[in-house]
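Observations on chain architecture
Listed below, chain by chain, are the residues.
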Amino acid sequence: MSIAIRAISPGGVILVDEYAGATVTFSADRRLVNLPGDCVDVRWRVQNADSTVFFEAVEPGLYGGPGVRSIFFELRNDRDAQIREAAGGEVFDTQEEVETQACIGVVSEPKIRVNFLDGSAKAYKLNIDVLFVRPDTWLLIAAAGVLIVVAAALFAPDVDALFFARAFLWLSLALFVFYLYTFVDFGLTDFAQTHTLELVLFSLWFGLILYLLRVSLHDPERLNRLFQFRFIKTTRSPLLWWLLVMLFWIFVLGFGYNAPGAYEPFLLLPLYAWSAVAGIGVLWIAARNRRWQYPHRKRDYRRAALFMAIVFAVLSLVRDGIIYQTYGLRFSRDSTSYVEAGASLFVRDTSEGLPKRTVPYATLNAILGSDESPLHLVGVQWALSAFALATLVYVIARRQPVIAAAVGILVVLDLTIADYNRAILSESMFVSLHVLCLALLIWHYDRKE
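Residues numbered from 1 in each chain as written. Predicted model: local features only at pLDDT ≥ 70, side-chain atom pairs only at ≥ 80, totals over all residues. Heavy atoms only, no water.

Some points on the overall build of the chain
Check the secondary structure of the chain and you find 15 helices and 11 strands. Out of the 449 residues belonging to the chain, those deemed buried represent 39%. Looking at the chain alone, contacts between residues at least 24 apart form 72% of all its contacts between residues at least 6 apart. (Helix = DSSP H or I, 4+ residues; strand = E, 2+ residues; numbered from the N terminus. Buried < 20%, exposed > 50% of the residue type's maximum accessible area, 1.4 Å probe, protein only. Contact = heavy atoms within 4.5 Å.)

Printed below as a string of structure tokens:
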């Protein structure tokens, strides 16, 4: 209720100050906006002053220092704690009230700077915050959900798992409606043009949630059968579901990286929490399925797995070679810093008092001499990416060759990986090492089983 009131009618904010014989009145119709980019009506009136400069966007200074309007955001990395004003401020010399509209962001808010008759100047800001990127907002929502679950467990001990499934579905619906509104607000059209697949999958999730809610209302027994996985004739090994959940989590992380508003970490945190709960719920429900048994002897496709691993490793190298021949080497501003860090890695007094940036990657740049020829490092990135894919395919193919082939095809067709493999950036090795970690996790789980 508190969050709803703050979202619908947060109230206005007004600031009145008397300084150097002048009177300054600065106000806005909202003290909170719901999402970054939402606008407010701003009014000010300055009497007995020389002039007023209005800045629609002001970038705050160092975290915790002057100019920072909220303790929740670490906004800048520079050492300058001064308030940074957007260029092109509009100057007003009128004594009458001025009204305009300004948009609020996490890193910006409107400000006026008043130049007084005695030659001094003073800045005024209204400290307008963004509701749904504040962690306390999401903590309140999470606390309300926990209280509902605890109350249901304490005061309704006979409640079955279907109740919690319905509650999670309604919560999922509310969350997806919120994100749909958010994505539209941030510019869904541009996102759809560049990330069509992600938008299609998001729509499928949304449609699945609506379908399950409809079933829960009209045929609860059918929903119960669905959650018991009776409609799926699947393998008796839980490895399949572990793999699907891991791929689902990886996709959600990738979706959040590219989604509209991805630069607002607190805005997408509930999506990550939802995916974690959904994945753990699927594994918990699957573990209760009595059809799952652990046979003493399992089929081992070791030779076929080794052949598939070699094939997909070669396909990965061919893909990277084609992308490189077509688009060439990818070099960015960060690439320059990596190369320079590698060239000066073993040179004293070159870090300017700061630790070396990304030491493992800088070390590879130093060893492979990327300052002389970056192609050596690119070749290592290709080889590591192919080895990681081959390892993942081999581990899965030993038990499930069809699933391993599907995973290999999807990774080979992932042009984002190929794009970073041709770049002097740490992202390529970051992805490859995480794929190796996933392969190691699957292999360890298979050994334990």
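Here's the deal with the confidence of the model for the chain
Detailed conclusions should not be drawn from predicted coordinates in areas where pLDDT is low. Taken over all residues, the pLDDT of the chain has a mean of 75, while the share at 70 or more is 74%. Of all helices and strands in the chain, the one with the weakest mean pLDDT is strand β6 (residues 84-85) (42), whereas helix α12 (residues 375-397) scores best (92). Counting contacts from residues 230-235, a segment whose pLDDT is below 50, to residues more than four positions away or on other chains yields 12 contacts. Note on residues 292-297: pLDDT is under 50 here. Beyond four places in sequence and across chains, it has 11 contacts. (pLDDT = per-residue confidence, 0-100.)

Thoughts on the environment of C39
Within the secondary structure, C39 sits in strand β4 (residues 39-47). Measuring from C-alpha to C-alpha, the distance between C39 and D29 comes to 9.9 Å, with 10 residues separating the pair along the chain. Not counting chain neighbours up to four residues away, the residues in contact with C39 comprise Q101, A102 and C103.

Quick look at the environment of F132
Tracing the backbone shows F132 in the loop between β11 (129-130) and α2 (135-155). Separated by 98 residues in sequence, F132 and N34 place their C-alpha atoms 5.8 Å apart.

Topic: the pattern of salt bridges
Scanning all chains against the criterion turns up five salt bridges. The shortest N-O distance in the salt bridge between D320 and R319 comes to 3.1 Å. Taking the shortest distance from any N to any O, the salt bridge between R422 and D419 comes out at 2.8 Å. Classification of D419 by relative accessible area gives partly exposed; the value is 22%. In the salt-bridge network here, residues are joined through shared partners; they are R330, D419 and R422. (Salt bridge = Lys/Arg side-chain N within 4 Å of Asp/Glu carboxyl O.)

Focus on the sheet that holds strand β2 (residues 22-28)
As summarised here, the arrangement of the four strands in space is β1-β2-β4-β8, forming an open sheet in which the pairing is antiparallel. Edge positions in the open sheet fall to β1 (13-19) and β8 (98-103), since each of these has one partner strand only. Geometrically, the sheet is characterised by an average inter-axis angle of 20° between neighbouring strands, direction not taken into account. Across six bridges, the pairing between β2 and β4 is antiparallel. From the neighbouring strand, A28 faces β4, where its bridge partner is V42. (Pairing = 2+ DSSP bridges. Axes fitted to C-alpha atoms, helices over the stretch in contact; angles between N-to-C directions.)

A short note on the packing of α12 against helix α15 (residues 427-448)
At a minimum axis distance of 9 Å, the contact between α12 and α15 shows a crossing angle of 20°. Classified by the interaxial angle, the pair formed by α12 and α15 is roughly parallel. Crossing geometry of α12 relative to α15 is assigned as left-handed. Residue-level contacts link L377, V380, Q381, L384, S385, F387, A388, L389, T391, L392, V395 and I396 of α12 to S428, M429, S432, L433, V435, L436, L438, A439, I442 and W443 of α15. (Parallel < 35°, antiparallel > 145°, perpendicular 65-115°, else oblique. Left-handed = near helix turned anticlockwise from the far one by under 90°.)

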